[in-house]
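Structural overview for review
So you can see what is in the structure, the chains are spelled out below.
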Amino acid sequence: VQINPSKILHPYHLTHNRTVISDLLMGLQKDLDRDGIQFTPEKAVLNRIDIAHNIKLNEPIESYFSVMDSFQGKRQIRKQHEDTRYWTNTQNQFIIYPKSKELSQVLQKWQMPNAEITRAEMKLLNSDVIAKKFNFNTLNELISDDSVYANVFNEYVRSIIFKENQYVSNQIHFGRSEEHT
């Protein structure tokens, strides 16, 4: 079963609110039960999790590319596309891209946000990595503590992408983070 609570609720606002996520999972469980599929969210093992943050940049994303391109990432392959930068391996990925551009392809002009949105996403690609980062890998444990997302995300960016603990590195200020629940 794959679910993205944020996309169900809104095309670009993010939610980490455990009550909202629990309510969505209860609805999913009822729908699956009605179709004869047994699903117990409390026991579901996570095989992938994406933690995303919307970032309002002070400058266009292209202004940050030279600095972003200087970061190799610990045990990561750095890739780039026209307006996207990402670091990846078989266990995790970190991606920075212009969310507004993606939204412009699926939303009407009047539905678009008032400001440009840049999205930063950390993707943990298997249950072992999730267990290592969170100290658990079940859905019930994940939604019981909604404060853990930011800690895991920030530690990943600091220690893996920017390798802050390894050496003195360039610093980059992305602007302020915008969270919606």
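Structure: above.
Residues numbered from 1 in each chain as written. Predicted model: local features only at pLDDT ≥ 70, side-chain atom pairs only at ≥ 80, totals over all residues. Heavy atoms only, no water.

1. Looking at helix α5 (residues 127–134)
Within α5, burial applies to Ser127, Val129, Ile130 and Phe134. All buried residues of α5 lie within an arc of 160° about the axis, which places them on one face of the element. Facing away from the buried side of α5, by more than 90 degrees, are the exposed residues Asp128 and Lys132. Following α5 by one or two positions, Asn135 adopts a phi angle in the positive range, close to 70°. (Buried < 20%, exposed > 50% of the residue type's maximum accessible area, 1.4 Å probe, protein only. Helix = DSSP H or I, 4+ residues; strand = E, 2+ residues; numbered from the N terminus. Arc of directions from axis to C-beta.)

2. Looking at the environment of Ser70
Position of Ser70 relative to the elements: it lies in the loop between α3 (65–68) and β2 (77–80). On the basis of relative accessible area, Ser70 is assigned to the partly exposed category, the value being 39%. In this structure the C-alpha to C-alpha distance between Ser70 and Phe162, which are 92 residues apart in sequence, comes to 9.4 Å. A polar atom in the side chain of Ser70 sits 2.6 Å from the backbone oxygen of Val67. (Polar contact = N/O pair within 3.5 Å; in protein donor to acceptor, adjacent residues only side chain to side chain.)

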